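# Examining the three-dimensional arrangement
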Number of protein chains: 2
Amino acid sequence: MSPATSKPSEGRRRVQVDAIRPHVDRGRFPVKGVVGDSFRVEADVFGDSHDRIRVQLLYRRKGTRRWSETPMVPQGNDLWEASFLLEEPGAYQYTVEGWVDALLTWRTELAKWIDAGVEVELELREGALLLEAAAERAKENDDDAEALRLWARQLREWADDPSGRGAPSELAVAPGLLEGELPRLMETYPDRSRTTRPRRTLTVEVDRKRARFSAWYEFFPRSTSPEPGRHGTFADASAMLPYIREMGFDVVYLPPIHPIGKTKRKGPNNRVTSGPGDPGSPWAIGSAEGGHTAIHPELGTLDDFVAFRRRAEELGMEVALDVAFQCSPDHPWVAEHPEWFRQRPDGSIRHAENPPKKYEDIYPLDFETEDWEGLWDALRDVFLHWMEQGVRIFRVDNPHTKAFPFWEWLVSELRDRDPGVILLSEAFTRPKVMYRLAKVGYAQSYTYFAWRTEKEELVRYMEELNRPGVREHFRPNFWPNTPDILTEFLQTGGRPAFMLRLVLAATLTANYGIYGPAFELMEHTPREPGSEEYLNSEKYQLRTWPLDREDSLRHFIARVNRIRREQPALQRNDTLHFHPVDNDQIVVYSKSDPGGDDPLVMIVSLDPRHTQSGWVDLHHLPLGLDGESYELEDLLGGERYDWGPGANFVRLAPHTSPAHIFRLRPHDSGSSSGGSS
Amino acid sequence: MSPATSKPSEGRRRVQVDAIRPHVDRGRFPVKGVVGDSFRVEADVFGDSHDRIRVQLLYRRKGTRRWSETPMVPQGNDLWEASFLLEEPGAYQYTVEGWVDALLTWRTELAKWIDAGVEVELELREGALLLEAAAERAKENDDDAEALRLWARQLREWADDPSGRGAPSELAVAPGLLEGELPRLMETYPDRSRTTRPRRTLTVEVDRKRARFSAWYEFFPRSTSPEPGRHGTFADASAMLPYIREMGFDVVYLPPIHPIGKTKRKGPNNRVTSGPGDPGSPWAIGSAEGGHTAIHPELGTLDDFVAFRRRAEELGMEVALDVAFQCSPDHPWVAEHPEWFRQRPDGSIRHAENPPKKYEDIYPLDFETEDWEGLWDALRDVFLHWMEQGVRIFRVDNPHTKAFPFWEWLVSELRDRDPGVILLSEAFTRPKVMYRLAKVGYAQSYTYFAWRTEKEELVRYMEELNRPGVREHFRPNFWPNTPDILTEFLQTGGRPAFMLRLVLAATLTANYGIYGPAFELMEHTPREPGSEEYLNSEKYQLRTWPLDREDSLRHFIARVNRIRREQPALQRNDTLHFHPVDNDQIVVYSKSDPGGDDPLVMIVSLDPRHTQSGWVDLHHLPLGLDGESYELEDLLGGERYDWGPGANFVRLAPHTSPAHIFRLRPHDSGSSSGGSS
């Protein structure tokens, strides 16, 4: 026979705590939240038999010892629920405790016996014993301890008089026994010596609100000079900030601002050779003038950068920097730390390659280097350098080509210093890899949105992003374009294509961004047919943008961003719901805010060429309009419509109104407070 | 500033292993399997960058040190898969390892460079270094080590001659380089020093096959005497075994066989008083004659019981005993271990109660006793006692009213001694409680099946039982009746009701059972209207059953059980699939077996009163009959039908054929081996 299994140290912990949620991989990674959230926790908790249980939600700031707690409330089917407030950025831990509560069980059964008219002498004597034990636990509060002892004495007196004051009919009306004082005392001093708590605590990483709700504007500062051909400076870029602010953005994101390599520098349109005046790609980082902590001299000085950042902040915006961990052959690290790169047998350094392509202007860092610890420190110090200059938002280039253990450590390091730091993952790769980057700490992530143009694709993708297992950690940031992505839809769809993609990006998720001025000026010519690269891309050359052009979308964008700021429903992702419409070229979805504001209904055409119409049915959950009529106000166009019960007709003309953002108000909502209920 | 986060001891474990499945609560509880299963494991595994990874499934018998392993195969989208054989009962552990494989990456890239016609001198020299390192790892196999060194030398020779034998065109056809010997050697000696393996290993508890596939027959041995009024004995019960075997059952389950209490003994029809001849309820366990390890003298001796068990086994059946952990007031433990019961203030022992009901013939055990360890040992010893008498299957009464930690320990104790032990949980309670009992080790579970009579209810319930999170641990055992459950459907539906409920129970899940002879004799009168208790229930009195009655369902049951034994599709739960039919009184579902036998299609009327007809469409996954015609053979009735593409008509008459069990065979399946494909 095998040796006996060992018993637990305490076999009388009879409550089972199961399936605490939200969680990411059962606590291997943190859930994400933002400051001000009421963080709702659910758990399946139950005991054996009919005994009553009590369940508490425990929570604390990570790094503190003392738990706060709040009672969980049963929702039926062994599901319990409670919430706590996420008060400040940083990590909170939470867990759930449950125990069989002898006092509550006694009280529940006593009430039933009394109700059934059954004599309860023994129950009263048992209660007296339980109350005396509770009085012991109450000893830090003299008044309560005394009250419990008095109740114990009272119960015994009643027990001695089972056909008089201790009769069920008398006890049913005894003040404070079944309701009031005694239940309150019993709830305050439970016996928690056999409490069950799961081994693993869960964590929620709390970001500031901008991690969940932000509108990004990417631009190249070197293209901001008013004189064509002159390299733009931070001072020029500062002059453009009011223009960006007027459009309503809150994050200005700059491609890398560091010295650009000269060896193998790329020419315009990604030509492998460059001329003397060609500025090169900002992502070929590093030259004799410095690396990831230096500033490209043609943009200005560190002071100029700080002045730029300050100006943005005065205007209510934040500057986000690009962190691209790769080096031009001229980067100082190449000479100082050749061991951080992969050496070849001939002593050369291996450049980036993806057979059969070679990228000779770029050396990747080798995360398998023997000095990985030194490399990690240096990379962290790049972030810390810019955080010391006041930068708290970073867009990280290709994080999926660097080791995951590095990111997990790095994010933890950075959040230790400033839990307000926000990292956006620029990983356009396989879904599980993108999700893992979010799990290890990226606050926001690029997505496949740019390529989701059909209704079915959009609906499925939103379902995927909002499903359990994704929504707890992955915050999508939708970009209709980037310097690398000019989709066929934008190339060929004209002005309506830009408008409808903007509305989709800005209302499907709470984080979105555009690469401008290319976007608002509807730049749409690819380098060559079939390519998603821009012709004459700013990545390889200076551009001058006619920001005042008559047909610019800047005012349209400003309107969309104003609606986003005014409508809390657009500042979250979890209330998105699609609604039926009998036309595959129209997508209808709603968002609401638990705060009680009117819900919004977005009706967007996916066809930039033809007028589309259809019948829309909003009489479904979660709007709850069953059989009612209501008013729709188009926050984009200003028109108002009265819609009746059943399906209602919409018509979207690409050049005048490819999209509506409706505020929906039931007709009787204003007067219901005076109603008969 | 907070202290820096510590780095991992090895930051270069670049592979991420995620979501290994199946699992139950990420390894908190074991998954269940049965002997002979090919146990399929999946995991999401990926690294950063384009480097190639390799992934291995590791598994071992629990308690052994050495892992066996098998390569996992990528299925796309970062999903990897492999299987291992569950060879014997007991626990197996499994986990997944992955690593970035420099050899595989090198070989993949080399092939691409060669294919692109790019010179590979440096790649060859890098390969030589990798092979020399591999030769070091191969040092226990002299031949392979030597072969690797030879290849290294060969690569260097080619590198020295880049426009001759080392040219891409020559290398593309070099024997053993891109296919054959070198790839094989490289696969055999990877560098696994930076392998990733999740902290927690998963466990699969392997049962013998009967845990998943069994047909139970419950009967009261005391009602087997041929003389009305005489208490049946084990000898009488033995005489009934051939009758049960002819019906095709493989588990005979007896209600408790222990001495029955005399104090407060219940009379017929659960009357609170009994007369001198009343036998009492077998669940009121214990008298002066003994407790849970004793045998009720009127049934016989321990030897008689063992003879009965042996006779059952000769006939190919197994005996299951009832374990009901509760005591009559006369149970020896009441005097020997009063501390195992809850004492009241007047020195009495608390009987079972659920206000406002009291059960004065029963004392529950107190799992909060100070001597819980002694109690646990005594309860375990009850099982061990009967296991020593050769019993390996137990039906446990009301396990949800005993502490969960006890069951988890107990099952582990019992399986340590005999991993072939099977416990059936008789918990009719809330779903999460029932699932938890399965998680802590119950091999089979009673269900809500008896009350699921509408089509929608049945479909939803089967979906619930087969969903991830349930199917890994919960094995349903469907009972159309029990001594406690005579449903309204059986009370009122007549013979067709019994027939169709039997077919549903026997084909929807692989484990099922009936309480007989009440079932085959269609006993259907309740104690009173609205009750689910039998009138003159055997629980409280002796009965004599006319087993040879002309209208008995015994031959019908025998046919159903024979089909179950002959058709592997009915011996598992995971291939169940419902099919459309345009009549809510008919349910159509299929089951198949991966072994390649023909799939079965069950077509069952839910209406015991009227003939029902409808159009059935089987042209959907998973049967894959798109556009084909096929033959259906009714294994119950023997008829054959040819069905064409599209919907086909069925008609179910309650008294002649309330159900079909069709074997489905495509018309061309016999001849396809001679076909043109």
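What comes next is a walk through the structure.

Reading the values: the criteria
Residues numbered from 1 in each chain as written. Chains lettered and ligands numbered in written order. Predicted model: local features only at pLDDT ≥ 70, side-chain atom pairs only at ≥ 80, totals over all residues. Heavy atoms only, no water. Least-squares fit on C-alpha atoms with pLDDT ≥ 70 in both. Contact = heavy atoms within 4.5 Å. Buried area = accessible area lost by both parts, 1.4 Å probe. Salt bridge = Lys/Arg side-chain N within 4 Å of Asp/Glu carboxyl O. Polar contact = N/O pair within 3.5 Å; in protein donor to acceptor, adjacent residues only side chain to side chain. Helix = DSSP H or I, 4+ residues; strand = E, 2+ residues; numbered from the N terminus. Buried < 20%, exposed > 50% of the residue type's maximum accessible area, 1.4 Å probe, protein only. Pairing = 2+ DSSP bridges. Core = buried A, V, L, I, M, F, W, Y, C linked by side-chain atoms within 4.5 Å. Axes fitted to C-alpha atoms, helices over the stretch in contact; angles between N-to-C directions. Arc of directions from axis to C-beta.

Here chain A sits on chain B after a turn of 180 degrees about the axis and a move of 0.0 Å along it, with an RMSD of 0.1 Å. The relationship between the two copies is best expressed as a two-fold rotation axis. No C-alpha of chain A lies nearer the rotation axis than that of Arg-26 of chain A, which sits 3.7 Å from it. Here 100% of the contact residues of chain A are again contact residues in chain B; the copies associate through an equivalent surface.

Across the contact, 76 residues belong to chain A and 76 residues belong to chain B. Together chain A and chain B conceal approximately 7100 Å² of surface at their shared face, both sides included; 51% is due to carbon and sulfur atoms. Among the residues chain A hides against chain B, the three largest losses belong to Lys-7, Arg-12 and Lys-432 of chain A. Together they make up 10% of the total. At the surface where chain A touches chain B, the tally comes to 28 salt bridges. For the salt bridge of Glu-370 of chain A with Arg-194 of chain B, the shortest nitrogen-to-oxygen distance reads 3.7 Å. Taken together, the connections running from chain A to chain B amount to 35 residue pairs in polar contact (both at pLDDT 80 or more).

In this section: the side chain of Thr-105 of chain B. All names here are of chain B. In this fold, Thr-105 is placed in helix α1 (residues 102-116). Look at Thr-105 and you get buried, because its relative accessible area is 8%. A polar contact is formed between the side chain of Thr-105 and the backbone nitrogen of Arg-52, at a distance of 2.9 Å. Not counting chain neighbours up to four residues away, the residues in contact with Thr-105 comprise Asp-51 and Arg-52.

Residue and element names in this part refer to chain B. Here Gly-229 shows up in the loop between β10 (214-218) and α6 (234-247). Expressed as a C-alpha distance, the spacing of Gly-229 and Ala-450, which sit 221 residues apart in the sequence, is 31 Å. Setting aside anything within four residues of it in sequence, one finds Gly-229 in contact with Leu-542 and Thr-544.

The subject of this paragraph is the pairing of strand β12 (residues 318-323) of chain A. Residues and elements named next belong to chain A. The buried count for β12 comes to 6 of 6 residues, which makes it a mostly enclosed element. Note: β12 against strand β17 (residues 393-397), 4 bridges, orientation parallel. Along β17, the bridge assignment pairs Val-323 with Val-396.

Residues and elements named next belong to chain B. Tyr-94 and Phe-305 are the most contacted members of the largest nonpolar core, which totals 159 residues. When residues of this core are assigned to their parent elements, the largest contribution, 12 residues, is made by helix α13 (residues 488-508). Setting aside residues no more than four positions away along its own chain, Phe-305 makes contact with Phe-234, Leu-254, Ile-257, Ile-295, Val-319, Leu-321, Trp-386, Gln-389 and Val-391.

Residues and elements named next belong to chain B. If you trace the 8 strands from one edge of the open sheet to the other, you get β19-β18-β17-β12-β11-β10-β21-β20, paired in parallel fashion. Edge positions in the sheet fall to β19 (444-445) and β20 (477-478), since each has one partner strand and no second. Of the strand pairs in this sheet, β10 and strand β21 (residues 511-515) are connected by 5 bridges, and their pairing is parallel. Residue Glu-218 lies in a different strand from β21, and its bridge partner there is Tyr-515. Here α6 sits on the sheet in contact with β10 and β11 (251-254), set at roughly 140 degrees to β10. The sheet contacts of α13 involve β20 and β21, and relative to β21 the element is tilted by about 150 degrees.

Turning our attention to the pattern of salt bridges. Within the structure shown, the criterion is met by 146 salt bridges over all chains. Across the salt bridge formed by Glu-314 of chain B and Arg-311 of chain B, the nearest N and O atoms sit 3.1 Å from each other. Within this pair, Glu-314 of chain B and its partner Arg-311 of chain B are both found in helix α7 (residues 302-314), separated by 3 residues, close to a single helical turn. Judged by its relative accessible area of 61%, Glu-314 of chain B is exposed. Salt bridges sharing partners connect three or more residues here, namely Glu-10, Arg-12, Arg-14, Asp-48, Asp-51 and Arg-194 of chain A together with Glu-368 and Glu-370 of chain B.

Moving on to the sheet that holds strand β6 (residues 73-74) of chain B. Paired through backbone hydrogen bonds, the strands of a sheet run either parallel or antiparallel to each other. All names here are of chain B. Strands sit in the order β1-β3-β7-β6 across an open sheet of 4 strands; the sheet is antiparallel. Here the strands that pair on one side only, and so sit at the sheet edges, are β1 (16-21) and β6. Strand direction decides the pairing type here: β1 and strand β3 (residues 38-46), joined by 4 bridges, are antiparallel. Each bridged residue has a counterpart across the sheet, and for Gln-16 the counterpart in β3 is Phe-46.

Bringing helix α12 (residues 455-465) of chain B into the picture now. Along α12 of chain B, the positions that sit buried rather than exposed are Lys-455, Leu-458, Val-459, Tyr-461, Met-462 and Leu-465 of chain B. Axial view of α12 of chain B: buried residues confined to an arc of 165 degrees, hence all on one face.

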